[in-house]
4 protein chains.
Amino acid sequence: MNPSRLETFSDGVFAIAITVLVLTIAAPNHYRVLGSQLAHRWPSLAAYVVSFTVIGIMWLNHHTVFSHVETIDRGFIFANLLLLMTIGFLPYPTGVLGEALARGQGTRTAAAFYGVTMVCNAYSWVFLWLHASRRRRLLRPSFPESERAIATILFTAGAVVYTLVVGLAFVNAYAFLAVQGALAVYYAFDPISRRAARPASPGGAEGPGTIP
Amino acid sequence: MNPSRLETFSDGVFAIAITVLVLTIAAPNHYRVLGSQLAHRWPSLAAYVVSFTVIGIMWLNHHTVFSHVETIDRGFIFANLLLLMTIGFLPYPTGVLGEALARGQGTRTAAAFYGVTMVCNAYSWVFLWLHASRRRRLLRPSFPESERAIATILFTAGAVVYTLVVGLAFVNAYAFLAVQGALAVYYAFDPISRRAARPASPGGAEGPGTIP
Amino acid sequence: MNPSRLETFSDGVFAIAITVLVLTIAAPNHYRVLGSQLAHRWPSLAAYVVSFTVIGIMWLNHHTVFSHVETIDRGFIFANLLLLMTIGFLPYPTGVLGEALARGQGTRTAAAFYGVTMVCNAYSWVFLWLHASRRRRLLRPSFPESERAIATILFTAGAVVYTLVVGLAFVNAYAFLAVQGALAVYYAFDPISRRAARPASPGGAEGPGTIP
Amino acid sequence: MNPSRLETFSDGVFAIAITVLVLTIAAPNHYRVLGSQLAHRWPSLAAYVVSFTVIGIMWLNHHTVFSHVETIDRGFIFANLLLLMTIGFLPYPTGVLGEALARGQGTRTAAAFYGVTMVCNAYSWVFLWLHASRRRRLLRPSFPESERAIATILFTAGAVVYTLVVGLAFVNAYAFLAVQGALAVYYAFDPISRRAARPASPGGAEGPGTIP
């Protein structure tokens, strides 16, 4: 199996998970007071926006990781499947968290549940990255050695941060959701993707359409 | 990341959102009087047809915009993600509007909710276009300068029109739905896509299979 | 837009619609008597199998039609969108028919509803084919003129047959469902696809992997 | 139709089925006791993990089978459609089994139902393989004759094993679920995929990115 095939399959799972999120927002049940029903559901919408952002940016970073990978093996495929499992599961805690916040019941439990899902996801990223990068097993020669250690530190630090953020779930579920959104945005601009994006470009065969 | 990869991901989201629409039509609950139950649900079917048309034609115009883009940057990816978020969300207001019309309750609120979603979508289009076209940042050289200003005016005018149409939601939800369908059809034949479709073809490398 | 892009989008809708079918089978509500609950739901399973077969074979025939098309225009894109709308809608009548048969209520109405959906689908096929084939507008030169008239007659005859089958819905919904399955299987082996599959192969550039 | 097109469609169904699994986990209904509600639902999560693994590894093995196929015919397409039908159906028994285990009602029936689905799936694999491999009809010349008999034996043995495992459903549904997970993992490392993966690589045109 060549990497692009695995990436296409993964992209499909990302695209489906991100679109299926909308199905987790519970439909209103009283249409006579639809305005207040919808207004009441704003946390579901907030959870939708946060999880959409999370999955969208993970899709982007997934592509960045794959752009540094030259070859894949069975272990990489399974690590990737584990990662996809946590992403495909995200719609469930998203729906639960949105509903809990809308009802004002079980909010901390719901936030912790969402947080634990994200922790599993973060460790899947670490696992995928370590499998690919240890002794440069699957990396392209063009990927600089100096970046490798930095990326490993940042991925591991990410897993630690996500673990700590679970604690915030027990303090305030709204703050927790806001931090999850902020972390996703951080990953859109973090050093791994920014610095790592650069070295691959000159050596890559992707042509003029790549990110400068 | 090259543009075609981003476009494939976007196409996936369009295809899923358009197919998931059907899941928003509530199942009948009394099968003894199934005929009247289904007849009663015709507004859900109408909302399905309108949203299917909206997403289908947006998919087409999304392709037109991408055909004028030579290169992409991070900002373009995020603007595109914002656009996909509004499209992926559309099944929810579609289901709410269809159900509200079928029950004859909360119709204006539901229509306004649908309308606001479309306004967010329209502004996402403006944002995506401005990001790509300002100072011709990401445009192909073959895209004529004269078309650029026209496209900007038409995208902005579209956003204004969609904003105004929200007002119609408070007058009559059926008229609102009909106008949303009419606007989608208009965008299938509007000057941006028709005129813009032409100049790209000769310079493009798409071969004999392109739209004449 | 080249035809392969439109086909990829269409394939996505086919793949999603065929997979989303499973979500239309109602979950059991009494788990103490799960065996009888599941046994009671066999018509939902039958409707699933029939609709899966219908969509699967339509996907195959959609590919055959596209293999004879050299170029596409806006009208073809819209005719294709109309066709996809009827396919994307099919999960709804499938769920309704399965549930009606399982409850033994409203079976004829449900069958007629399914039948009307298939009639809309059949006319969409006629429309798509006529748009592509009239005056050979979009056909490949390698597609033999003699096959063109036969294909038109067979597509039209299909639409007539599907219209007549709606009448059967009012006689017996089980017979109706069986005939829908039989028609789908017929289209897997009908003269259009069988004869038309041959002439395109020698002239095509698809290489050794094509159907002999 | 060339094999890669059929494979892309199949990949789409695999990706959608694997992602739609999450929708089969029932949402909590009492948010005041959300913690115990979620804890109570752990069998649904276990069923999700098992079915995700099953579909993910089948996707991988589906690719392996296709890598040995040089050409396809109508029979292969239909055998593949049958296989996809059993995979697309899996979310339903997964949801039923998870819910039955969570309620502690109808667990054996639910497990047997899941088991029968997997038996249908196993026989679809045998059917697909026999259709492709009998008299080497569709196989690549590079696929060694010695492997052909081994693969046939292993596919058939798999179908027998899955049939026997249905018996376990009537003993203990938890043990049954664990065995289903173990069988999936076995298929990730079984001789067919491991040995068969090797011979195809040297003769294949897939380049440096293939599994060593």
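Relevant structure appears above.
Residues numbered from 1 in each chain as written. Chains lettered and ligands numbered in written order. Predicted model: local features only at pLDDT ≥ 70, side-chain atom pairs only at ≥ 80, totals over all residues.

Looking only at helices and strands, one finds nine helices and zero strands in chain A. Its helices and strands taken in sequence order, chain A reads α-α-α-α-α-α-α-α-α from the N to the C terminus. At a minimum sequence separation of 6, the contacts of chain A that also span at least 24 residues come to 81%. (Helix = DSSP H or I, 4+ residues; strand = E, 2+ residues; numbered from the N terminus. Contact = placed C-beta atoms within 7 Å.)

Take the relation of the copies chain D and chain C next. In screw terms, the move from chain D to chain C is a rotation of 90° and a rise of 0.0 Å along the axis, fitting with an RMSD of 0.0 Å. The symmetry that links the two subunits is that of a four-fold axis. The two copies present different faces, since only 9% of the interface residues in chain D are matched by interface residues at the equivalent positions in chain C. (Least-squares fit on C-alpha atoms with pLDDT ≥ 70 in both.)

All names here are of chain D. At a minimum axis separation of 8 Å, helix α7 (residues 145–169) and helix α8 (residues 173–189) run at an interaxial angle of 155°. With respect to their mutual orientation, α7 and α8 come out roughly antiparallel. Judged by residue contacts, Val 165, Leu 168 and Ala 169 of α7 engage Ala 173, Ala 175, Phe 176 and Val 179 from α8. Looking at side-chain class alone, the contact of α7 with α8 contains seven nonpolar, no polar and no charged residues. (Axes fitted to C-alpha atoms, helices over the stretch in contact; angles between N-to-C directions. Parallel < 35°, antiparallel > 145°, perpendicular 65-115°, else oblique. Nonpolar A, V, L, I, M, F, W, Y, C, P; charged D, E, K, R; others polar.)

Further remarks concern the packing of helix α1 (residues 3–20) of chain D against helix α4 (residues 74–89) of chain D. Residues and elements named next belong to chain D. Here α1 crosses α4 at 10°, and the two axes come no closer than 10 Å. By the criterion of interaxial angle, the relationship of α1 to α4 is roughly parallel. Residues Leu 6, Ser 10, Val 13, Phe 14 and Ala 17 of α1 pack against Ile 77, Asn 80, Leu 84, Ile 87 and Gly 88 of α4. Here the contact of α1 with α4 is built from residues that sort into seven nonpolar, three polar and no charged.

To continue, consider the interface of chain A and chain D. If you look at the interface, chain A gives 33 residues, while chain D gives 30 residues. Only α1 (3–20), α4 (74–89), α5 (91–103) and α6 (107–133) of chain A provide two or more residues apiece to the side of chain A that touches chain D. Ranked by residues supplied to the side of chain A that touches chain D, first place goes to α1 of chain A with eight residues. Partitioning the side of chain A that touches chain D into residue classes produces 20 nonpolar, nine polar and four charged.

Moving on, we get to the interface of chain D and chain C. Taken together, the contacts link 33 residues of chain D with 32 residues of chain C. Elements that contribute at least two residues to the side of chain D that touches chain C include exactly α1, α4, α5 (91–103) and α6 (107–133) of chain D. Grouping the amino acids of the side of chain D that touches chain C by side-chain chemistry returns 20 nonpolar, nine polar and four charged.

A few words now on the relation of the copies chain A and chain D. With an axial shift of 0.0 Å and an RMSD of 0.0 Å, the rotation relating chain A to chain D amounts to 90°. Mapped onto chain D, only 9% of the interface residues of chain A again fall at the interface, so the copies present different surfaces.

What follows deals with helix α4 (residues 74–89) of chain C. All names here are of chain C. For α4, spanning 16 residues, the distance from its first C-alpha to its last is 23 Å, which sits close to the expected 22 Å at 1.5 Å a residue. Burial analysis of α4 places twelve of its 16 residues in the buried class, which makes it a mostly covered element. Every buried residue of α4 is accounted for by Phe 76, Ile 77, Phe 78, Ala 79, Asn 80, Leu 81, Leu 83, Leu 84, Met 85, Ile 87, Gly 88 and Phe 89. (Expected span 1.5 Å × (residues − 1). Buried ≥ 20, exposed ≤ 12 C-beta atoms within 10 Å, placed from the backbone.)

Within soluble globular proteins, side chains that are nonpolar generally end up buried alongside one another. Core analysis: the biggest nonpolar cluster contains 274 residues, and Ile 55 of chain A, Ile 55 of chain B, Ile 55 of chain C together with Ile 55 of chain D have the highest contact counts within it. Apart from residues no more than four positions distant in its own chain, Ile 55 of chain A is found in contact with Phe 14, Ala 17, Ile 18, Ile 87 and Leu 90 of chain A. (Core = buried A, V, L, I, M, F, W, Y, C linked by C-beta atoms within 7 Å.)

Below, the discussion takes up the environment of Val 161 of chain D. Residues and elements named next belong to chain D. Counting through the fold element by element, Val 161 comes out in helix α7. Overall, Val 161 belongs to the partly exposed group, with 14 C-beta atoms counted inside 10 Å. Distance in space between the C-alpha atoms of Val 161 and Leu 183 is 9.2 Å, their sequence separation being 22 residues.

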